[in-house]
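Listed here are the chains, written in short residue letters.
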Amino acid sequence: MLIESDRQPEQASSRTIVAAGDYYLGSVQSGQTLRILDIEGNQAADTLFYSAQDPAERYSVTDTIREQGNVYLTTGSVLRSLRNTPMLEIVADTCGRHDTLGGACASESNTVRYDLEKRCMHSCRDSWMLAITEHPEYGIGKRDIGHNINFFMNVPVTEAGGLTFEDGISAPGKYVELTALMDVFVLVSNCPQLNNPCNGFNPTPIEVLVWDN
Amino acid sequence: MKPFEYSTEIAPGGHWSVRLRKGTRMQITDTAGNANLGMLFYNPENLLERYNAPDTLKCQHTFKLTRGHCLYSDMGRIFASIVEDSLGWHETVCGNLRAQQTAERYGVRNYQHDRNDWHQNGHDAFLVELAKYGLGEADMAANINWFSRVATNEAGKLLLVDGHSTPGSQVTLRFEMDTLVLLHACPHPLSEAALYPRKPVHISLGVSPPVADDDACLNHCEENRRGFRNTMLYHLGR
């Protein structure tokens, strides 16, 4: 559902531009609101959430889509943990639909999807691996890398049981906003994928904004 | 084809784990109809490598699982291939029923009263099996629910198709790597059955014929040919 936000960027407590192929790792406290902004359009933001109290508790796609009875995420979607606990709620969305079935690109899955010789191309999972290696203080390890959300990505499921990666339905300035229902860590890979239309074959920057309650 | 060498029945609400070698096959049969068999895979040599539903679905451009599909790890390798399927649709995105939901729908899990007919749930069943290998909830992943068909409409709404699996429905997996298999026969989380569904699953295990050049899974798509190459590389020199 398309819902605009009245939060003003100049009142945000933090604003971070994340270049394509980089990661964002930060905290969002319960009650704070996180916005991910698709600055130039058609970008994919591969996102994971963790409980700040215990990072073993992370975002769970199965619990989230089962409890809401729908495979797509938009305004009103409550993101649940693998303990089935509400972590964040999407409170504004100017894009309309976000994917959480397609997972992230990885060096290894790129070899399967595109070409064995594309293993050295940069990928979302490599960004996450770099993030957790550079920031051991978050207590996130490889086993904690679960199935993610692809904000702004369009992965329609057909009634016949097909699944395709389509051109993004995002556009310059589209955003999604989430209010945290518990203290969370957010780990975003701004997707570097050059082999499919998830980011229009042209990865571009995103902005991550956080507002206090 | 060599006959099966071992068979067993997973009781309703039961769970099990078994390490299977590369080149073996597992046939699962829904003997009573409307069964659900939750399943997860891990690499016993590196337990951090596990079944990855998103990678499995996207590289084969599918939301459902059936014959011809391969079941991928997060490392771009194939744990198992679906070499036979009488049903045509199995789902891998809805996860498991949990203790609280089980209690609300069917009554609390109570071994003292119900003995082994207790209301076990799929989530806890997996946690019990995971713990046997030093694994825990952080090692969970989106599992397969064999025999359960979950369709979506244009708006993305999820719907479990009642009566999908008829008695005798059968799937055969061929293992392409040594694989630690975790499984449970607990109810599907979207089941609307009024009473706790008690559905056993029969399992037969044996040696599989080798992968032929015209194999349906290998040749299902270019992606699977590359997945088999990755898996071959893992076994190079063995």
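Details of the structure are given in the entry above.
Reading guide: rules and limits
Residues numbered from 1 in each chain as written. Chains lettered and ligands numbered in written order. Predicted model: local features only at pLDDT ≥ 70, side-chain atom pairs only at ≥ 80, totals over all residues. Helix = DSSP H or I, 4+ residues; strand = E, 2+ residues; numbered from the N terminus. Rg over C-alpha atoms; globule rule 2.2 N^0.38 Å. Buried ≥ 20, exposed ≤ 12 C-beta atoms within 10 Å, placed from the backbone. Contact = placed C-beta atoms within 7 Å. Pairing = 2+ DSSP bridges. Expected span 1.5 Å × (residues − 1). Arc of directions from axis to C-beta. Axes fitted to C-alpha atoms, helices over the stretch in contact; angles between N-to-C directions. Nonpolar A, V, L, I, M, F, W, Y, C, P; charged D, E, K, R; others polar.

Chemist: Just checking my understanding: could you explain the overall build of chain A for this structure?
Modeler: If you tally the helices and strands in chain A, you get three helices and 10 strands. When its helices and strands are written in sequence order, chain A yields β-β-β-β-α-β-β-α-α-β-β-β-β. Compactness check: chain A gives a C-alpha radius of gyration of 16 Å against a globular reference of 17 Å for 213 residues, within 12% of the reference. For chain A, the spread of C-alpha atoms along the three principal axes comes to 45 × 35 × 35 Å. When burial is assessed residue by residue, chain A has 52% of its 213 residues classed as buried. Considering only intrachain contacts with a sequence separation of at least 6, the fraction spanning at least 24 residues in chain A is 76%.

Chemist: Honestly, the environment of His123(B) in this entry has me stumped. Any pointers?
Modeler: Residue and element names in this part refer to chain B. Relative to the helices and strands, His123 resides in helix H4 (residues 122-131). Here the alpha-carbon distance between His123 and Met1, two residues 122 residues apart in the chain, equals 36 Å. Excluding residues that lie within four positions of it along the chain, His123 makes contacts with Asn96, Leu97 and Arg98.

Chemist: How should the pairing of strand S9 (residues 184-190) of chain A be read in this particular structure?
Modeler: Within a regular strand, the side chains alternate between the two sheet faces. Residues and elements named next belong to chain A. Burial runs high along S9: seven of the seven residues are buried. Where burial is concerned, the two faces of S9 agree: the one with Val184, Val186, Val188 and Asn190 and the one with Phe185, Leu187 and Ser189 are both buried. Pairing of strand S2 (residues 23-28) with S9, which is carried by six bridges, proceeds in the antiparallel orientation. Bridge pairing in S9 places Leu25 opposite Leu187. Inspection of the sheet shows strand S4 (residues 45-51) paired to S9 by seven bridges, in the antiparallel sense. Each bridged residue has a counterpart across the sheet, and for Leu48 the counterpart in S9 is Leu187.

Chemist: Would you take a moment to explain helix H5 (residues 222-234) of chain B for this structure?
Modeler: In an α-helix there are 3.6 residues to a turn, and that puts residues three or four apart on one side. Compared with the 18 Å implied by 1.5 Å per residue over 13 residues, the 19 Å span of H5(B) between its first and last C-alpha is a close match. Taken together, the buried positions of H5(B) are Glu223(B), Asn224(B), Gly227(B), Phe228(B), Asn230(B), Thr231(B) and Tyr234(B). Summarising the axial view, the buried residues of H5(B) lie within an arc of 155°, below the 170-degree limit, and thus occupy one face. Lining the buried residues of H5(B) we find helix H2 (107-113) of chain A together with helix H1 (53-59), strand S6 (70-72) and strand S7 (78-85) of chain B.

Chemist: Just to check I follow, could you spell out the sheet that holds S9(A) for this structure?
Modeler: Residue and element names in this part refer to chain A. Read across the open sheet, the four strands follow the order S2-S9-S4-S7; overall the sheet is antiparallel. Of all the strands in the sheet, just S2 and strand S7 (149-151) have a single pairing partner and so form its edges. Strand after strand, the sheet turns through a mean of 25° between neighbouring axes, direction not considered.

Chemist: Is there a simple way to think about the interface of chain A and chain B in this case?
Modeler: Interfaces are frequently sized by the accessible area removed from exposure as the parts join. Taken together, the contact between chain A and chain B spans 33 residues of the former and 39 residues of the latter. Going through the elements one at a time, helix H1 (61-68) and H2 of chain A are the ones with two or more residues in the side of chain A that touches chain B. Its residues placed into classes, the side of chain A that touches chain B shows 12 nonpolar, 13 polar and eight charged.

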